[in-house]
Amino acid sequence: MQFRELVTNSRSYRRFDGSYPVSEQVVRDLVELACYTPSAKNLQPLKFIPVCDPETAALLYPSLSWAGYLADWPGPAEGERPAAYIVMLGDKEISQDFGPDSGIAAQTILLGAAASGLGGCIIAALDRNRIMELLKIPERFSILMVLALGKPQETVVIDQMTDPESVRYYRDRYGVHHVPKRMPDEVLLKFH
């Protein structure tokens, strides 16, 4: 797969083939990719909790909010939920700033997932207190996001944004998920 194709195929998937397992070894391999990414001051403050067993995944699911622009959609139904999750943490004893590192690591993990035929979704709308209790996470860690992983079971397409004000993704009547994106002519600027 060419890199451009890999990037365009690495979409936010929210519906998965619930019968397709994602093993802890696959999650470990994806997290290993994040270990090689750039880190501010090379502090490497990110930590990861794999959630691969179905029981814990089912307990984690209610702590996640899905697709804010799809107000009438409560999230993936039984059988369409992710097979695994990666809970990304910031270790506050190493750093208080996780911004650049977390984004780079999340994108790298999702590119790795796409390269291996999986898909994922970065979820930052979380019930952090509930997750802290569920996974018994010590206070020294901040929950930054949760990466949902599985075999995609939906079609997600990129549309060229025609209305610069409308960034809202949507599903058409066939269930195809459309994501409007700004194109290079709009984002490349010259001031001289």
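Residues numbered from 1 in each chain as written. Predicted model: local features only at pLDDT ≥ 70, side-chain atom pairs only at ≥ 80, totals over all residues. Heavy atoms only, no water.

K.L.:
How should I be thinking about the pattern of salt bridges in this particular structure?
P.N.:
Pairing between side chains of opposite charge can happen when the charged atoms of each approach one another. Taken as a whole, this structure holds six salt bridges when the rule is applied. Glu154 is paired through a salt bridge with Arg171; the nearest N and O atoms lie 3.2 Å apart. Separated by 17 residues along the polypeptide, Glu154 in the loop between strand 4 (141-150) and strand 5 (156-160) and Arg171 in strand 6 (residues 170-171) bring together distant segments of the chain. Accessibility expressed as a relative area gives 11% for Glu154, which makes it buried. Close ionic contact of Arg182 with Glu186 constitutes a salt bridge, the shortest N to O distance being 2.7 Å. Taken together, the shared-partner salt bridges connect Arg15, Glu154 and Arg171 into one network. (Salt bridge = Lys/Arg side-chain N within 4 Å of Asp/Glu carboxyl O. Helix = DSSP H or I, 4+ residues; strand = E, 2+ residues; numbered from the N terminus. Buried < 20%, exposed > 50% of the residue type's maximum accessible area, 1.4 Å probe, protein only.)

K.L.:
Looking at this structure, how should I read the side chain of Arg11?
P.N.:
Within the secondary structure layout, Arg11 lies in the loop between helix 1 (3-9) and helix 2 (24-35). Buried and without a salt bridge, Arg11 has Glu154 as its closest oppositely charged side chain, separated by 9.7 Å. Ignoring anything within four residues of it in the chain, the contact list for Arg11 reads Gly120, Val156, Ile158, Val179 and Lys181. (Lys, Arg positive; Asp, Glu negative; His and termini not counted. Contact = heavy atoms within 4.5 Å.)

K.L.:
Help me out: how do you make sense of the environment of Leu43 in this one?
P.N.:
Here Leu43 lies in the loop between helix 2 and strand 1 (46-51). Its relative accessible area of 37% is what places Leu43 among the partly exposed residues. As a C-alpha pair, Leu43 and Ser95 span 52 residues in sequence and 7.4 Å in three-dimensional space. Not counting the four nearest positions on each side in its chain, Leu43 is found in contact with Ile94 and Ser95.

K.L.:
Quick question: what am I supposed to make of the packing of helix 2 against helix 4 (residues 99-115) here?
P.N.:
Helix-helix packing: each pair is described by the crossing angle between the helix axes and the interaxial distance. Look at helix 2 against helix 4: their axes get within 8 Å of each other, and the N-to-C directions meet at 135°. If you check the angle between helix 2 and helix 4, you find them oblique. Helix 4 is crossed by helix 2, and the crossing has right-handed handedness. Residues Leu30, Val31, Leu33 and Ala34 of helix 2 lie in contact with helix 4, whose contacting residues are Ala105, Thr108, Ile109, Gly112 and Ala113. Looking at the contact of helix 2 with helix 4 residue by residue, the classes come out as seven nonpolar, two polar and no charged. (Axes fitted to C-alpha atoms, helices over the stretch in contact; angles between N-to-C directions. Parallel < 35°, antiparallel > 145°, perpendicular 65-115°, else oblique. Left-handed = near helix turned anticlockwise from the far one by under 90°. Nonpolar A, V, L, I, M, F, W, Y, C, P; charged D, E, K, R; others polar.)

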